[in-house]
Amino acid sequence: MSAPSTTLQGTPRHVAIIMDGNGRWAARRRRPRMIGHRAGARAVNLCIDFCLERGVGALTLFAFSSENWGRPADEVGALMKLFLNALDREVDELHRRGVRVRFIGERGRFDAGIVARMDAAERLTADNAGLALSIAASYGGRQDIAAAARALAVEVAEGRMRPQDIDETAMARHMALADLPPPDLFIRTGGDLRISNFLLWQLAYTELWFTDLLWPDLDAATLQRAFDDFAARERRFGLTGGQVASEPTTDTNAP
Ligand code: FPP
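A quick note: this is a predicted structure, and the numbers were derived from the prediction, not measured.

In terms of regular secondary structure, the protein chain is built from 8 helices and 6 strands. Principal axes of the C-alpha set define a box for the protein chain whose edges measure 55 × 45 × 35 Å. Looking at the protein chain as a whole, 47% of its 255 residues qualify as buried. Expressed as a percentage of contacts within the protein chain between residues at least 6 apart in sequence, the contacts between residues at least 24 apart total 74%.

What follows covers the packing of aromatic side chains. If you walk through the whole model with that rule in mind, you get 11 aromatic pairs. Ring pairs connect the aromatic residues Phe62, Tyr139, Phe186, Phe198 and Phe210, which therefore count as one cluster. A cation sits over an aromatic face here: arginine 29 above tryptophan 25, 3.8 Å from the ring centre.

Another point: the nonpolar core. In this structure, Ile17, Leu59, Leu61, Phe110, Leu133, Ile187 and Trp215 are the most contacted members of the largest nonpolar core, which totals 44 residues. Apart from the residues within four sequence positions on either side, phenylalanine 110 is in contact with Phe64, Trp69, Met80, Val115, Met118, Ala137 and Ser138.

This next bit is on the site of the ligand. Near the ligand, the surroundings consist of 18 residues, among which Asp20, Gly23, Arg24, Arg33 and Arg71 are the closest. Note that an oxygen atom of the ligand is positioned 3.2 Å from one of the backbone N or O atoms of asparagine 22. In the model, an oxygen atom of the ligand is placed 2.7 Å from a nitrogen or oxygen of the arginine 24 main chain. Considered on its own, the ligand offers 630 Å² of accessible surface; in the complex 89% of this is hidden by protein. The set of elements that each furnish at least two residues to the shell around the ligand consists of α1 (22-28), α2 (33-54) and α3 (73-96). Grouping the amino acids of the shell around the ligand by side-chain chemistry returns 8 nonpolar, 6 polar and 4 charged.

Let's shift gears to the UniProt feature "binding site: Mg(2+)" (unreviewed entry) in the protein chain. Feature annotation in UniProt places "binding site: Mg(2+)" (unreviewed entry) on Asp20 and Glu207, given in this structure's numbering. Relative to the helices and strands, aspartate 20 is located in the loop between β1 (14-18) and α1. Under the relative-accessibility criterion, aspartate 20 is labelled buried at 18%. In this structure aspartate 20 touches Arg188, Thr189, Gly190, Asp192, Leu213, Leu214 and Trp215, once residues within four positions along its chain are discounted. Residue classification places glutamate 207 among the buried positions, given a relative accessible area of 15%. In this structure, glutamate 207 is in contact with Asp184, Leu185, Phe186, Phe230, Arg233 and Arg235, ignoring residues within four places of it in sequence.

Cut-offs used in this document
- Residues numbered from 1 in each chain as written.
- Predicted model: local features only at pLDDT ≥ 70, side-chain atom pairs only at ≥ 80, totals over all residues.
- Heavy atoms only, no water.
- Helix = DSSP H or I, 4+ residues; strand = E, 2+ residues; numbered from the N terminus.
- Buried < 20%, exposed > 50% of the residue type's maximum accessible area, 1.4 Å probe, protein only.
- Contact = heavy atoms within 4.5 Å.
- Phe/Tyr/Trp six-rings, centres within 6.5 Å; stacked < 30°, edge-to-face > 60°.
- Lys NZ or Arg CZ within 6 Å of the ring centre and 35° of its normal.
- Core = buried A, V, L, I, M, F, W, Y, C linked by side-chain atoms within 4.5 Å.
- Near = heavy atom within 4 Å.
- Polar contact = N/O pair within 3.5 Å; in protein donor to acceptor, adjacent residues only side chain to side chain.
- Areas by Shrake-Rupley, 256 points an atom, 1.4 Å probe, with all protein chains shown as cover.
- Nonpolar A, V, L, I, M, F, W, Y, C, P; charged D, E, K, R; others polar.
- UniProt positions renumbered as here; feature names shortened; annotations may be inferred.

Written as structure tokens, this is what we have:
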């Protein structure tokens, strides 16, 4: 995917989602939190189906933040099992449907079994040209920015880059998802109005959309509402309304 983001709103080309509310969904049913996460995994499938049907180019899902490691050990353990099962169950079908799967975040923090399955899923689907599905796992936006800064520092130390040449383009090259246009549309379920250390760099000009709906309750009508609201927005990328009306513009960080 190398097409730039433009101000012409149709279907968003890249959608990024914080899937929040699994725990509350379970609590409302007086069930353990893990039941909510399992229901959340079903909503992931619905969301992927919707994006495939609408011809969305890229979907990035926040599955597990760097901070989520601090949750109670039994919840973390059960989530890991859920991820493992989902990888075993879904990857072949995603491959059949032309989805390219990748994981962003600190892979080294996961058990070897999960890392092996992540690697295998990426290898299997690497040449697919359909939906680019990125799963953010042990991911943090600040950590992503720090890693890019570190990579540039290494280039400088090795004499391949001059400090005065470090600019946004150089940083963007080292950020996660560098080959994709930045997200056009960010969706967060669960009622909280924050970014929670998700794609901090990449969301600079993304349209934000929030809903009180809990993630396991996600349905196509809600996603359609988000897409419709997105289509009605004017994106100016720092310019004036008059300027963007006469000439569509883009996020300057788009690859
Ligand atoms: C946030 O809800 C959700 C998570 C930390 C886990 C997300 C996991 C899934 C949606 C399931 C499977 C995902 C994949 C990619 C297979 P929360 O637990 O913070 O909910 P709460 O705010 O109601 O407590």
